[in-house]
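Coordinates in review
Read off the chains here:
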Amino acid sequence: MDKTSIHGMWSSRLMFILAATGSAVGLGNIWRFPYMTSDNGGGAFVLVYLGCILLVGLPILMAEILIGRHGRVSPINTLRGLARDSGVSRHWVAIGWIGIVAGILILSFYSVVAGWTLHYTFLYLKQLAGGAAITDPGATFAALLGDPLELTFWHALFMLLTVAVVALGVEKGLERAVRFLMPALFVLLLMLVVYGMTTGFMGQAAAFLFKPDWSVISGGTFLSAMGQAFFTLSLGMCTMMTYGAYLPREGVSIGRVGIAVALTDTSVALLAGLAIFPVVLSFGIDPAGGGPGLIFTSLPLAFESMPFGIVYGLAFFGLLAVAAWTSSISLLEPATAFLVEKYGVASRKRAALGIAGLSWLLGLLSVLSLNLWSEARILDRDIMTFIEFIANDLMLPLGGLLIALFAGWALNRTILREQLSDMPEALFTAWRWLMRVVAPALVLIVLARAVL
Ligand code: TRP
């Protein structure tokens, strides 16, 4: 008999796909992917990233969903139960703890950046009401980063929006938020790609994105690509495991939903690249080394000069804020679910608020590293970049590595086969060896090359 989760269940397969894509598609695709590509020299980075998605990301995505759906509780308790049933060490529970810590760290800076998108949404709203145009996007962006109070305000607002959804729980909160807005974002991106074609720079943009120049690649590039693959698919911190716990068994193929989520996520990232780089090039900006401000300093140039640009700008940053919202709730949900299991269902609101409060406080470090503390360096990085590095590039791949090993070696074949029942035998065997050897080896090599 299949169990159900005390946190509620997705009402359908489609709802799960929407929620999981809502989690995957976010700032990682539209803010981070373009500037990481820009900073890492273009095509070669993209190719390594795509390789990571295919050989490491997608198989681990399936493993997370599978483990979650088998356990039906929050990651820590799921891992505890599974380790006990399989007669393996209870230290595997560490995966769940890494996940909770990584989630709090990621949410801290994620909310700050999502705050930027709220601020820009507001700027375009004001413009629509007759306010001043953004004539010098570089200056507008610098002014925002230079103002700790402004940043803190939007950071707080975004965090409150996140808590509101998570406090309401799966059916009332998460589902409603994702139903319409994800498709709208996709359409808007397509429209921006079409605009990119009219600039005459699409060919050059595509060459930058897809023509690898291997001379600019280093050990650090591989680590960034691997970190980005984990980040963009929401892997390595048990988010997908948590969402998997609410996924019905009947007629839902984990292989298929995994592919759907990974494909959508990757297409959105590539579309974002194809939307942004033509604009960058057509305004004579160097596509390399754009940094975290890339979309905020380039896209407004296009919005000011295209017909109905202000409406586009409003829609773009508004929908990006929503995409970030459906992702941030998935960063908060695993830890919240864990506290709910510990303290009872009535505590969901307090649990969400407590974790988010902690994350908000930590986020102030990122806020300050953009202005008052911008000179501070940890391991050659400013504070925000350092937190991002620890969480995205180290903790997520490490969590993913352990999840792969757990699924590959600790769980018995019967459990795996039961969850992946519709998968053809050959594919199943291939998946299992990816989990046992290939994915862990790739992650290890990448981590070792960068750290040693
Ligand atoms: N994937 C999201 C994005 O691309 C961010 C995110 C949500 C995430 N949940 C996560 C990243 C869990 C890592 C782990 O914006």
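Provided above is the structure to which this section pertains.
Below or above, wherever it landed, is the structure these notes cover. Since this is a predicted model, take the numbers as computed values, not measurements.

The rules behind these values
Residues numbered from 1 in each chain as written. Predicted model: local features only at pLDDT ≥ 70, side-chain atom pairs only at ≥ 80, totals over all residues. Heavy atoms only, no water. Salt bridge = Lys/Arg side-chain N within 4 Å of Asp/Glu carboxyl O. Helix = DSSP H or I, 4+ residues; strand = E, 2+ residues; numbered from the N terminus. Buried < 20%, exposed > 50% of the residue type's maximum accessible area, 1.4 Å probe, protein only. Patch = residues over 30% accessible without salt bridge, like charges linked within 9 Å, V, L, I, M, F, W, Y side chains within 5 Å. Areas by Shrake-Rupley, 256 points an atom, 1.4 Å probe, with all protein chains shown as cover. Expected span 1.5 Å × (residues − 1). Phe/Tyr/Trp six-rings, centres within 6.5 Å; stacked < 30°, edge-to-face > 60°. Lys NZ or Arg CZ within 6 Å of the ring centre and 35° of its normal. Near = heavy atom within 4 Å. Polar contact = N/O pair within 3.5 Å; in protein donor to acceptor, adjacent residues only side chain to side chain. Axes fitted to C-alpha atoms, helices over the stretch in contact; angles between N-to-C directions. Parallel < 35°, antiparallel > 145°, perpendicular 65-115°, else oblique. Left-handed = near helix turned anticlockwise from the far one by under 90°. Contact = heavy atoms within 4.5 Å. Nonpolar A, V, L, I, M, F, W, Y, C, P; charged D, E, K, R; others polar.

Okay, the pattern of salt bridges next. All chains considered together, the criterion is met by 6 salt bridges. As a salt-bridge pair, Arg249 and Glu418 come within 3.2 Å of each other at their nearest N and O atoms. Of this pair, Arg249 sits in the loop between α12 (239-245) and α13 (254-282) while Glu418 sits in helix α18 (residues 413-419); the two residues are 169 residues apart in sequence, bridging distant segments of the chain. Here Arg249 falls in the partly exposed class, since its relative accessible area comes to 23%. The residue Arg417 makes a salt bridge to Glu425 at a minimum N-O spacing of 3.0 Å. The exposure class assigned to Arg417 is buried, which follows from its relative accessible area of 18%. Via salt bridges that share partners, Arg413, Arg417 and Glu425 belong to a single interconnected network.

A few words on a nonpolar patch on the surface. Together, Leu54, Leu55, Trp409, Trp433, Val437, Val438, Leu442 and Ile445 make up a nonpolar patch on the protein surface, roughly 740 Å² of accessible area in all. Of all elements in the fold, only α3 (43-71) and α19 (425-451) reach the threshold of two or more residues within the nonpolar patch. For the nonpolar patch, the leading source of residues is α19, giving 5 residues. The residue Leu55 is located in helix α3 in this model. Residue classification places Leu55 among the partly exposed residues on the basis of a relative accessible area of 38%.

It is worth spelling out helix α1 (residues 13-24) at this point. A rise of 1.5 Å per residue sets the reference length of α1, with its 12 residues, at 16 Å; its end C-alpha atoms lie 16 Å apart and thus fit the reference within 8%. Among the 12 residues of α1, 10 are classified as buried, and the element is accordingly described as predominantly covered.

Bringing the packing of aromatic side chains into the picture now. Within the structure shown, the criterion is met by 24 aromatic pairs. Aromatic pair Phe141 and Phe296: ring centres 5.4 Å apart, planes at 10 degrees, arrangement stacked. Separated by 155 residues along the polypeptide, Phe141 in helix α6 (residues 137-145) and Phe296 in helix α14 (residues 294-305) bring together distant segments of the chain. Note on Phe296 and Phe317: the rings are 5.7 Å apart at their centroids and 20 degrees apart in plane angle, and the pair reads as stacked. Of this pair, Phe296 sits in helix α14 while Phe317 sits in helix α15 (residues 309-343); the two residues are 21 residues apart in sequence, bridging distant segments of the chain. For Phe317, a relative accessible area of 0% gives the class buried. Sitting above the plane of the Phe231 ring, Arg32 keeps its charged end 5.3 Å from the centroid.

The ligand sits among 17 residues. The nearest are Ala24, Gly28, Tyr110, Phe231 and Ser234. Between a nitrogen atom of the ligand and a side-chain N or O atom of Ser330, the distance comes to 3.0 Å. If the ligand stood free it would expose 360 Å²; the protein chains cover 100% of that surface. Of all the elements in the fold, those that place two or more residues in the shell around the ligand are α1, α2 (27-39), α5 (94-128), α11 (219-232) and α15.

Right, let's get into the packing of α15 against helix α16 (residues 348-369). Direction vectors running N to C along α15 and α16 enclose 130 degrees, while the axes themselves pass 9 Å from each other. Relative to α16, the element α15 lies oblique. Once α15 is placed against α16, the crossing between them reads as right-handed. Two secondary-structure elements touch here, α15 through Leu332, Glu333, Ala335, Thr336, Leu339 and Val340 and α16 through Arg348, Ala351, Ala352, Ile355 and Ala356. For the contact of α15 with α16, the per-class residue count stands at 8 nonpolar, 1 polar and 2 charged.

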